[in-house]
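Now for the letters of each chain:
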Amino acid sequence: MSLITIISIIIIVLATTDFMFPNMPRLKNDIFKVSFFLIYFLFTIKYYYGADIHTYVPQYENIPSVAYILAHPFEMRFEIGYSIFCSILKSLGCSYWCMTAIISTIYFIAIYTLFKHLKTKKIFALMILVVIDNNLIFAAFRQCLSASFFIFMVLSLQKRKYIETAICALLTILFHKSGIFV
């Protein structure tokens, strides 16, 4: 059984608790926190996973310096934001797994911040996200970063923090080409 299947089964079972305790909001919130951490942990422990692993790992292992990337932006295989992100982490001595764990952490911080706005059915919402979009979380690193900054952008816009919103919009675009539609 694959890790994605295990995670999906766990979150589906946990999501049923959103409907089991209608008059116990504190218990449901505690179950949400445990569920969220468990799902975050299970997605973060992945190691060298994904269809594009043969592309991502060599790119990470041979990433040039930030100065080189800025001087030759059109030579990069991936978007400039993602290339700079990888170059900085590689220069700090982070392994490929560490880099993917950082991406997962950024994504789950964005999701947790977003889910704080939900009053009820948080585990159910997490289940929908995990079941429908597990590839984004599990293997699509550039898109995951872009989606994270998109969420931060929307949350900043909601708070009327326009400079923060513009920075997040720029990061959304720099991490994945689909971010241009922001």
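Residues numbered from 1 in each chain as written. Predicted model: local features only at pLDDT ≥ 70, side-chain atom pairs only at ≥ 80, totals over all residues. Heavy atoms only, no water.

Participant: Let's hear about the overall build of the chain: which residues, and what values?
Facilitator: Assigned secondary structure in the chain consists of eleven helices and zero strands. Secondary structure elements of the chain, listed N to C terminal, follow the sequence α-α-α-α-α-α-α-α-α-α-α. For 182 residues, the compact-globule formula gives about 16 Å, and the C-alpha radius of gyration of the chain, at 18 Å, lands near that figure. C-alpha atoms of the chain, sized along the principal axes, occupy 60 × 45 × 25 Å. (Helix = DSSP H or I, 4+ residues; strand = E, 2+ residues; numbered from the N terminus. Rg over C-alpha atoms; globule rule 2.2 N^0.38 Å.)

Participant: So what about the side chain of D18? Which residues, and what values?
Facilitator: Along the chain, the position of D18 falls in helix α2 (residues 17-20). Separated by 3.4 Å, the side chain of D18 and the backbone nitrogen of K122 make a polar contact. Side-chain polar atoms of D18 contact the backbone nitrogen of I123, separated by 2.9 Å. (Polar contact = N/O pair within 3.5 Å; in protein donor to acceptor, adjacent residues only side chain to side chain.)

Participant: Go over the pattern of salt bridges with me, naming the residues and quoting the values.
Facilitator: Applying the stated criterion across every chain, the model contains three salt bridges. Among the salt bridges present, the one from K90 reaches E61, with a minimum N-O distance of 3.1 Å. Taken as a pair, K90 in helix α6 (residues 80-91) and E61 in helix α4 (residues 53-61) lie far apart in primary sequence, 29 residues in all. For the salt bridge of R142 with E79, the shortest nitrogen-to-oxygen distance reads 2.6 Å. With R142 in helix α10 (residues 141-158) and E79 in the loop between α5 (66-71) and α6, this pair connects stretches of sequence that are 63 residues apart. What makes R142 buried here is its relative accessible area of 10%. Overall, E79 belongs to the buried group, its relative accessible area being 12%. (Salt bridge = Lys/Arg side-chain N within 4 Å of Asp/Glu carboxyl O. Buried < 20%, exposed > 50% of the residue type's maximum accessible area, 1.4 Å probe, protein only.)

Participant: Any chance you could break down the packing of aromatic side chains for me, citing the residues and the numbers?
Facilitator: Throughout the structure, instances matching the rule amount to 21 aromatic pairs. For the pair F32 and F36, a centre-to-centre distance of 5.6 Å together with 50 degrees between the ring planes defines the contact as tilted. With F32 and F36 both in helix α3 (residues 25-44) and four residues apart, the pair spans about one turn of that helix. Looking at F36, the relative accessible area reads 7%, which means it is buried. Ring plane angle 70 degrees and centroid distance 6.0 Å describe the contact between Y56 and Y82, whose orientation is recorded as edge-to-face. Here Y56, found in helix α4, pairs with Y82, found in helix α6; they are 26 residues apart in sequence, far enough to count as distant. An identical accessibility class is assigned to Y56 and Y82; each is buried. Among the aromatic residues, ring-to-ring pairing joins F32, F36, F37, Y40, F41, F43, Y107, F108, Y112, F115 and F138 into one connected group. (Phe/Tyr/Trp six-rings, centres within 6.5 Å; stacked < 30°, edge-to-face > 60°.)

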